Amino acid sequence: MVSQQTLAEIKPVVKGIEQEVAAFVPLDLVAGEVYSAGGSISDCAPGAVSWGSHTAVPVSRPPDLDELTAELRARWSRAGDFEVDLTEGSTQEPRLILRSPVLGDYYVEMIEESLQVASFSTCFAYDEERDGYAWEIFAE
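Since the model is a prediction, treat every value here as computed from it, not as a measurement.

## Points about the nonpolar core
A general trend in soluble globular proteins is that nonpolar side chains are found buried together.
Here's step 1: Counting residues in each nonpolar core, the largest one holds 30 residues, and the members touching the most others are V21, L68, W76, F82, L98 and V108.
Here's step 2: Of all the elements in the fold, those that place two or more residues in this core are α1 (7–22), β3 (48–58), α2 (65–75), β5 (94–100), β6 (104–111) and β7 (114–120).
Here's step 3: Broken down by element, the residue count for this core peaks at six residues, all from α1.

Encoded structure:
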């Protein structure tokens, strides 16, 4: 399904969810400033794109994703909007996946010394004049 939302409508929701999930990292593990990247678009259907970005939380040691998953399910106000799946990445490292047909997909996993929350919005109808050109969006 292709959403009729604009990029301007999608971006704050996606970034907000990234940051909400990142806020569940126990404070005693946070080892530096949280970094939230801009983002870029990628094709997902004819005439439609998905907007992706990420938030990185530097940590002193990897958080327990079982505990993080339980905390999200118990305390996160949006938990009911997502299918939550704790699985493994390609290198057998734990990966938490949050999926919503309306809010997009979010992947939580360790990348180097940071817990990354990567996001991919739902597909939306892309209009360069309304949403901006791909090279401008990537440069944000």
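Alright, that's what it looks like, and here's the rest.
## Comments concerning the side chain of S100
Here's step 1: In this fold, S100 is placed in strand β5.
Here's step 2: Residue S100 is classed as buried on the basis of its relative accessible area of 8%.
Here's step 3: A distance of 3.3 Å separates a polar atom in the side chain of S100 from the backbone oxygen of D81.
Here's step 4: Only 3.0 Å separates the side chain of S100 from the backbone nitrogen of L103, close enough to count as a polar contact.
Here's step 5: S100 has contacts with D81, F82, D105 and T122, leaving out every residue within four places of it along the chain.

## Side note on the side chain of S114
Here's step 1: Residue placement: S114 occurs in strand β7.
Here's step 2: When near neighbours in sequence (up to four residues on either side) are disregarded, S114 contacts A56, V57, P58, V59 and E109.

About the thresholds
- Residues numbered from 1 in each chain as written.
- Predicted model: local features only at pLDDT ≥ 70, side-chain atom pairs only at ≥ 80, totals over all residues.
- Heavy atoms only, no water.
- Core = buried A, V, L, I, M, F, W, Y, C linked by side-chain atoms within 4.5 Å.
- Buried < 20%, exposed > 50% of the residue type's maximum accessible area, 1.4 Å probe, protein only.
- Helix = DSSP H or I, 4+ residues; strand = E, 2+ residues; numbered from the N terminus.
- Polar contact = N/O pair within 3.5 Å; in protein donor to acceptor, adjacent residues only side chain to side chain.
- Contact = heavy atoms within 4.5 Å.

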